[in-house]
Amino acid sequence: MPAPEAAAGQFMVKRRRSYETGHRPKFLAVVDGSEESGKAIRFAARRCARVGAAIVLLGVATPPEHETWLGVGEMMQAEARAEAEKRLEAAAAAVRSLAGLEPEKLVRIGNKADELIRLIEEDEDISLLVLAAGTGREGPGPLVSALAGKSSASFPIPVAIVPGHLEDEEIDALA
């Protein structure tokens, strides 16, 4: 398993099991509840249905910044996990409706980029990461920006970035 500095571009490069005969590839989509995230989930669901892949939905809950006394930190972490699970269930319902697939749903606690990289390293059947690009003035989003930088050349799997401004019909045609 890579250390957290893997987010800075130091990935373990190895042959993925998803490319071997007999292994069903998985597409991974990050669920954050944004409209753009919904676009990426739509693309991943439609593409999985077309190519016979499975879909994994990842929700990452951010832990509280400060561990406080009397169990408040644990309560805040439980609330963050419950919110991530709620977003995942809504995304899973969309996948079922769009593609007739039952997604694998995972919740992780921690930094989004670190947890994403850890999951990809742990599950060798994940063969494509589908991310949404933000449409706001602040840019495409921190995760897309981080992966498009220096680490893109050594990232362990292909990354599909779905522009957040696309209409559903355009996404369906591309998938």
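All values derive from a computational prediction rather than experimental measurement.

Chemist: Whenever I open this one, the packing of helix α1 (residues 35-51) against helix α2 (residues 72-99) confuses me. Can you help?
Modeler: Each pair of packed helices can be described by the angle between their axes along with the distance between the axes. Contact geometry of α1 with α2 gives a least axis separation of 9 Å together with a crossing angle of 40°. For the element pair α1 / α2, the angle class is oblique. Like other packed secondary-structure pairs, α1 and α2 cross with a definite hand, here right-handed. Residues I41, R42, A45, R46 and A49 of α1 pack against A91, V95, L98 and A99 of α2. Across the contact of α1 with α2, the residue classes break down as 7 nonpolar, no polar and 2 charged.

Chemist: Help me understand a negative patch on the surface, please; the structure alone is not making it clear to me.
Modeler: A cluster of acidic residues, E35, E167, E169 and E170, forms a negative patch on the protein surface. Tracing the backbone through its elements, the reader meets E170 in helix α5 (residues 168-174).

Chemist: Sorry, what's going on with the environment of A45 here?
Modeler: Counting through the fold element by element, A45 comes out in helix α1. Its relative accessible area of 0% is what places A45 among the buried residues. Sequence-distant contacts of A45, that is, excluding residues within four places in its chain, are made with I55, V95, L98, A99 and L101.

Chemist: Would you mind going over helix α3 (residues 112-122) with me for this structure?
Modeler: Along an α-helix, residues three or four apart share an orientation, since each turn contains 3.6 residues. Counting buried positions over the 11 residues of α3 gives 9, a clear majority of the element. Looking at α3, one finds that the buried residues are A113, D114, E115, L116, I117, R118, L119, I120 and E121. One side-chain oxygen at the N-terminal end of α3 lies 2.9 Å from the backbone nitrogen of A113; it belongs to N111.

Parameters and conventions
- Residues numbered from 1 in each chain as written.
- Predicted model: local features only at pLDDT ≥ 70, side-chain atom pairs only at ≥ 80, totals over all residues.
- Heavy atoms only, no water.
- Axes fitted to C-alpha atoms, helices over the stretch in contact; angles between N-to-C directions.
- Helix = DSSP H or I, 4+ residues; strand = E, 2+ residues; numbered from the N terminus.
- Parallel < 35°, antiparallel > 145°, perpendicular 65-115°, else oblique.
- Left-handed = near helix turned anticlockwise from the far one by under 90°.
- Contact = heavy atoms within 4.5 Å.
- Nonpolar A, V, L, I, M, F, W, Y, C, P; charged D, E, K, R; others polar.
- Patch = residues over 30% accessible without salt bridge, like charges linked within 9 Å, V, L, I, M, F, W, Y side chains within 5 Å.
- Areas by Shrake-Rupley, 256 points an atom, 1.4 Å probe, with all protein chains shown as cover.
- Salt bridge = Lys/Arg side-chain N within 4 Å of Asp/Glu carboxyl O.
- Lys, Arg positive; Asp, Glu negative; His and termini not counted.
- Charge placed at Lys NZ, Arg CZ, Asp CG, Glu CD.
- Buried < 20%, exposed > 50% of the residue type's maximum accessible area, 1.4 Å probe, protein only.
- Polar contact = N/O pair within 3.5 Å; in protein donor to acceptor, adjacent residues only side chain to side chain.

Don't take any of this as a statement about function, it's just geometry.
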